[in-house]
Amino acid sequence: MPEGDSVLQLSRRLQFMAGREVTGCSVRVPQHATVNLTGTICERVWPYGKHLFMQFDQTIVHTHLKMEGTWAIHYAGDRWRKPGHSARIVLQLSHSPRDIELVGHWLGFVDIFDADQYFSRIAHLGPDILDPDWDREETVRRLRARPERSIGTALLDQKIVAGIGNEYRAEICFLAGVHPATPVAEVDVEQVVDIGKRIMWANRNSPIRVTTGVRRAGETTYVFGRNRKRCRRCGTIIQKDSLGGVDRGGDEGELERIIWFCPHCQPL
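Residues numbered from 1 in each chain as written. Predicted model: local features only at pLDDT ≥ 70, side-chain atom pairs only at ≥ 80, totals over all residues. Heavy atoms only, no water.

We now examine the overall build of the chain. Helix and strand counts for the chain come out as six helices and 10 strands. In summary, the chain has a C-alpha radius of gyration of 20 Å against a globular reference of 18 Å for 268 residues, a match within 12%. Once the C-alpha set of the chain is aligned to its principal axes, its extents read approximately 60 × 40 × 30 Å. Expressed as a percentage of its 268 residues, the buried residues of the chain come to 53%. Sequence separation of at least 24 residues holds for 63% of the intrachain contacts in the chain that already meet a minimum separation of 6. Carbon and sulfur atoms make up 49% of the accessible area of the chain, which totals about 12400 Å². Of the side chains in the chain, 36 bear a positive and 33 a negative charge, and the two mean positions are spaced by 8 Å. (Helix = DSSP H or I, 4+ residues; strand = E, 2+ residues; numbered from the N terminus. Rg over C-alpha atoms; globule rule 2.2 N^0.38 Å. Buried < 20%, exposed > 50% of the residue type's maximum accessible area, 1.4 Å probe, protein only. Contact = heavy atoms within 4.5 Å. Areas by Shrake-Rupley, 256 points an atom, 1.4 Å probe, with all protein chains shown as cover. Lys, Arg positive; Asp, Glu negative; His and termini not counted. Charge placed at Lys NZ, Arg CZ, Asp CG, Glu CD.)

On inspection of all chains with the given rule, the structure shows 11 salt bridges. The shortest N-O distance in the salt bridge between glutamate 138 and arginine 142 comes to 2.7 Å. Within this pair, glutamate 138 and its partner arginine 142 are both found in helix H3 (residues 136-144), separated by four residues, close to a single helical turn. For arginine 209, the salt bridge goes to glutamate 167, with nearest N and O atoms at 2.9 Å. Taken together, the residues arginine 209 in the loop between helix H6 (189-202) and strand S9 (239-246) and glutamate 167 in helix H5 (residues 166-176) connect sequence positions 42 residues apart. When sorted by exposure, arginine 209 lands in the same class as glutamate 167, which is buried. (Salt bridge = Lys/Arg side-chain N within 4 Å of Asp/Glu carboxyl O.)

In this numbering, the UniProt entry assigns the feature "domain: Formamidopyrimidine-DNA glycosylase catalytic" (unreviewed entry) to residues 2-75. Here residues 2-75 is 14% helix and 42% strand, with 25 Å between the C-alpha atoms at its ends. (UniProt positions renumbered as here; feature names shortened; annotations may be inferred.)

The subject of this paragraph is empty space enclosed by the protein. Summed over all chains, the structure comprises one cavity of 30 Å³ or more. In this model, the largest cavity occupies a volume close to 30 Å³. In terms of lining residues, the largest cavity is bounded by Ile129, Trp134, Thr139, Leu143, Leu155, Val161, Ile164 and Val193. (1 Å grid on protein atoms, 1.4 Å probe; cavity = no way out; pocket = protein on both sides within 12 Å on 5 of 7 lines; lining within 4 Å. Points joined across faces, edges and corners; volume = space filled by probe spheres on them.)

Here the focus is the nonpolar core. With 35 residues, the main nonpolar core has Ile151, Ile164, Ile172 and Phe174 as its most contacted residues. Those elements that provide at least two residues to this core are H3, helix H4 (151-156), H5 and H6. Top contributing element to this core by residue count: H5, with seven residues. When near neighbours in sequence (up to four residues on either side) are disregarded, phenylalanine 174 contacts Tyr222, Val223, Cys231, Arg233, Cys262, Cys265 and Gln266. (Core = buried A, V, L, I, M, F, W, Y, C linked by side-chain atoms within 4.5 Å.)

As summarised here, the arrangement of the four strands in space is S2-S3-S4-S8, forming an open sheet in which the pairing is antiparallel. Across the chains shown, the open sheet's two edge strands, defined by having one partner strand only, are strand S2 (42-48) and strand S8 (109-114). Sheet twist, expressed as the average angle between the axes of neighbouring strands with direction ignored, equals 15°. Across the sheet, helix H1 (residues 4-13) touches S2 and strand S3 (51-56), and the angle it forms with S2 is around 165°. (Pairing = 2+ DSSP bridges. Axes fitted to C-alpha atoms, helices over the stretch in contact; angles between N-to-C directions.)

This part takes up the sheet that holds strand S7 (residues 100-105). Spatially, four strands are ordered S1-S6-S7-S5 in an open sheet, and the strand pairing comes out antiparallel. Both edges of this open sheet fall to strand S1 (22-27) and strand S5 (70-75), since each of them pairs with a single strand only. Within this sheet the neighbouring strands show an average axis-to-axis angle of 15°, counted without direction. One ladder, built from six bridges, connects strand S6 (residues 87-93) with S7; its direction is antiparallel. What sits directly across from glutamine 92, in S7, is glutamate 101.

A separate point is the layout of surface pockets. Its volume calculated, the largest pocket comes out at about 210 Å³. Taken together, 15 residues form the lining of the largest pocket, with Ser6, Val7, Gln9, Leu10 and Arg13 sitting closest to its centre. Considering every element that reaches the lining of the largest pocket, the biggest residue donor is H1, with six residues. Among the residues making up the lining of the largest pocket, the classes are represented as seven nonpolar, five polar and three charged. (Nonpolar A, V, L, I, M, F, W, Y, C, P; charged D, E, K, R; others polar.)

Dropping the structure here:
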């Protein structure tokens with residue numbers, strides 16, 4: 001599932017939409033199938049955590065990629081590289097000499113609503129960790145609200161802080177020296193959120209996510225995806241387990257997420 005930095009970079013790639021007129025529209029989601037944005041102007045495109053928003057006149061299109069979603073950009077009339085049945089939204093935008101076609105494939109979540117509803121629609125989300133005006137104190141307060149909860153579960157809860165996903169969760173816990181199952185009450189919460197902000201901010205413009213400072217293939221993470229490999233710090237074998245996690249950015253279900261950790265550097 002893309003994390004906050006991936007959605008931020010996606011929104012940057014879509015900035016060309018601003019100011020363009022929608023010349024064709026097809027929304028292939030049952031509850032919004034009658035929506036037609038043709039003739040509207042794209043006002044802006046922006047991210048919030050793992051969520052992407054596009055505003056057309058006074059209408060907002062809200063999408064979440066979830067596990068498989070992508071946005072494809074090509075000229076209208078060109079053959080799609082992905083199957084037609086995977087398209088959830090097709091937007092055609094004015095461009096010379098040929099219009100541009102933007103296709104949202106396999107989007108995990110699609111909602112369309114009036115722009116006046118925007119703040120109420122995102123009210124359940126925590127502060128966006130990649131917002132330049134990120135509210136650190138509010139994030140710390142929300143984390144501490146349930147001291148019995150594991151830090152690994154809390155970091156994935158988008159109601160606490162928006163944008164952190166499984167890869168960053170694993171790397172944050174390693175860098176903080178805490179096992180993901182450690183209760184929040186036993187964790188230096190300020191240190192954890194500061195590490196999260198630092199490594200995600202450092203990667204916000206990079207196509208390659210790096211937390212070790214080494215960009216070579218296979219050396220970009222400390223524990224994420226490194227089951228049964230040696231810890232880069234102490235040489236202990238990295239272990240993999242599961243931990244109940246929550247991602248409440250439009251998904252209200254409890255999720256079982258894989259965790260990676262070093263038993264020596266992150267004792268439980």
